[in-house]
Amino acid sequence: MFQFSYLKAKSLADAAALAKTNPDAKLMSGGMTLLPTLKQGLAQPSHLIDIGGLSELSGIEVKGDTLIIGAATRHYDVASSAAVKKAIPALAYLASLIGDPQVRNRGTLGGSVANNDPAADYPAAVLALNAKIITNRREIAAEDFFQGMFATALEEGEIIVKIAFPLPKHAAYEKFPHPASGYAMAGVFIAETTSGVRVAVTGAGPGVFRWSDAEAALAKGLKAGVLDKLKVAADDLNEDFHATREYRANLVQVMGKRALQKLVA
Amino acid sequence: MAKIELTVNGTREAREVEDRTLLVDLLRDHLGLTGTHIGCDTSQCGCCTVHVDGRAVKSCTMLAAQANGATVVTIEGMAKGDQLHPVQQAFTDCHALQCGFCTPGMIMATAALLKDNPQPTDEEIYHGLEGNLCRCTGYINIVKAVKQAAETMK
Ligand SMILES: Cc1cc2nc3c(=O)[nH]c(=O)nc-3n(C[C@H](O)[C@H](O)[C@H](O)COP(=O)(O)OP(=O)(O)OC[C@H]3O[C@@H](n4cnc5c(N)ncnc54)[C@H](O)[C@@H]3O)c2cc1C
Ligand code: FES
Ligand code: FES
């Protein structure tokens, strides 16, 4: 790893100030993406600003019809939270599928969403549930937040504080994990919300996206079998040495089918 | 430089290390605890697993500075004198190792798994050890060892 200076932020305001005075610094939450990146020599920040465990970024609470989770909440804490399991069980289930136990003990919601890895799990839930990303500057709708591979609406030094998930009537997530890393080869999150059915796909394309054909089909009737014959166009999907785009297209359909089965069960 | 104070296997330690020092390097190079291994540089193998404040983590993917003030347990802290920890004993009894390189991490991951879930099913053991890779034994005897340990720790 290249040299850098480690700075432990004392508060959210402190973190923002440190980011402002050190333009080449990087925020670090769980470090489960950032540290591997630094170990590979793929980034050379001047400073790491540790925001892990800041009280402003912590906590899980249900307020009215919204579940609010602090950005520094670890995957393990989301997966095992009684409040999350009751409010949005599919979200707790999704968190329990991320990587492995050691990764879940360090990695955080905010880090995952800020990173927007095209194969990460959380972006599918954030987009399907129409969640709001609350930063130290503003609120960003999920729709506007994710901007393709590793790209988000976050500005220089902007910090995700928490994410607000409107409670769905029902939701379900199914993923086909990469056998070595656990990342999604394809993951489909279906949410029956007050404003209709939303379906988000991760892992398959260059970034999380809504599967509009599935949404249209499910709008006509939310029952098992509706997605059975729906073809997924492979043209815009990812192709690499793990899988062809045709294979991924098939996985999206199969994961969609399975998620729907769970949703209506 | 970062001033780090932490408790390792029950002993208070204080060291001054470069900011970029990983927890695994603090343990191995500065504290001489070489039972914690480094098997990869991609955070995937789990050989470096230790407990930080009671939870299993990959010490190759955490800065020493992030462990400032924490309580750390490594493989060296598991046995009580000559008496092996039940998980260590089970790995010995069940021949759950060949070269032993992955074993410290496997044992630390198993101990953490059994704390959360004292009687895991086979399926739960597979998922619980997903963060640990073994190149030698095949996992059959490792799973056996986890079950024996669960039995003795009942
Ligand atoms: C072996 C392995 C397997 C994995 N498997 C999966 C998997 O199956 N599915 C999956 O989804 N993920 C997986 N991950 C990634 C894991 O979930 C990470 O924890 C997560 O992507 C990043 O969270 P973090 O808290 O560690 O972020 P960090 O590594 O600390 O930060 C990541 C990026 O986000 C920025 N950032 C962090 N917090 C904030 C914030 N609050 N505001 C603004 N920017 C911020 C940082 O500056 C950095 O650029 C895996 C990781 C490993 C090592
Ligand atoms: S050394 Fe391989 S995961 Fe830490
Ligand atoms: S016993 Fe050799 S790597 Fe597991």
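Please read these numbers as outputs of a predicted model, since none were measured by experiment.

(A) Just the overall build of chain A, in detail. Helix and strand content of chain A: 11 helices and 12 strands. In terms of C-alpha radius of gyration, chain A reaches 18 Å, essentially the compact-globule figure of 18 Å for 265 residues. Structurally, chain A occupies a C-alpha span of about 55 × 45 × 30 Å along its principal axes. Put simply, chain A has 265 residues, and 54% of those count as buried. Counted over contacts in chain A with a minimum sequence separation of 6, partners at least 24 positions apart contribute 58%.

(B) Seen up close, the environment of leucine 127 of chain A. All names here are of chain A. Residue position: leucine 127 is located in helix α8 (residues 122-128). For the pair formed by leucine 127 and aspartate 144, sequence separation is 17 residues and the distance between their alpha carbons is 9.6 Å. Setting aside anything within four residues of it in sequence, one finds leucine 127 in contact with Ala142, Glu143, Phe146, Arg198, Ala200, Val208, Phe209 and Arg210.

(C) Up close: the interface of chain A and chain B. Facing 27 residues of chain A, the contacting portion of chain B comprises 27 residues. Contact between chain A and chain B buries roughly 2,200 Å² in total, counting both sides, with carbon and sulfur atoms accounting for 53%. At the boundary of chain A with chain B, the tally comes to 1 salt bridge. Between lysine 58 of chain B and aspartate 100 of chain A there is a salt bridge whose closest N-O contact spans 2.7 Å.

(D) Region of interest: the sheet that holds strand β7 (residues 139-141) of chain A. Residues and elements named next belong to chain A. On the basis of which strands lie adjacent, the open sheet formed by 5 strands has the order β4-β5-β8-β6-β7 and antiparallel pairing. Of all the strands in the sheet, the pair left with one neighbour each is β4 (60-63) and β7. Averaged over all neighbouring strand pairs, the angle between strand axes comes to 25°, with direction disregarded. Where strand β5 (residues 66-70) and strand β8 (residues 160-166) come together, 5 bridges link them in antiparallel fashion. Looking across to β8, one finds that glycine 70 is bridged to lysine 162.

(E) Inspection of the environment of asparagine 132 of chain B at higher detail. The residue asparagine 132 of chain B is located in the loop between α4 (122-128) and α5 (140-153) in this model. The buried category is assigned to asparagine 132 of chain B, whose relative accessible area is 2%. Setting aside residues no more than four positions away along its own chain, asparagine 132 of chain B makes contact with Gln102 of chain A together with Cys45, Gly46, Thr49, Gly105, Met106, Ala109 and Tyr139 of chain B. In terms of polar contacts, asparagine 132 of chain B uses its side chain to reach the side chain of glutamine 102 of chain A, at 2.9 Å.

(F) Local environment of the domain arrangement of chain A. Taken domain by domain, chain A comprises domain 1 (1-50) and domain 2 (170-264). Its C-alpha centre places domain 1 of chain A at a distance of 34 Å from the equivalent point of domain 2 of chain A.

(G) Expanded view of the site of ligand 1. What surrounds ligand 1 is a group of 32 residues, the closest being Leu27, Ser29, Met32, Leu34 and Thr108 of chain A. Per-site note: the chains with residues close to ligand 1 are chains A and B. Within the backbone of threonine 33 of chain A, an N or O atom sits 3.0 Å from an oxygen atom of ligand 1. Within the backbone of serine 112 of chain A, a nitrogen or oxygen atom sits 3.5 Å from an oxygen atom of ligand 1.

What counts and how
Residues numbered from 1 in each chain as written. Chains lettered and ligands numbered in written order. Predicted model: local features only at pLDDT ≥ 70, side-chain atom pairs only at ≥ 80, totals over all residues. Heavy atoms only, no water. Helix = DSSP H or I, 4+ residues; strand = E, 2+ residues; numbered from the N terminus. Rg over C-alpha atoms; globule rule 2.2 N^0.38 Å. Buried < 20%, exposed > 50% of the residue type's maximum accessible area, 1.4 Å probe, protein only. Contact = heavy atoms within 4.5 Å. Buried area = accessible area lost by both parts, 1.4 Å probe. Salt bridge = Lys/Arg side-chain N within 4 Å of Asp/Glu carboxyl O. Pairing = 2+ DSSP bridges. Axes fitted to C-alpha atoms, helices over the stretch in contact; angles between N-to-C directions. Polar contact = N/O pair within 3.5 Å; in protein donor to acceptor, adjacent residues only side chain to side chain. Domains from an automatic or database assignment. Near = heavy atom within 4 Å.

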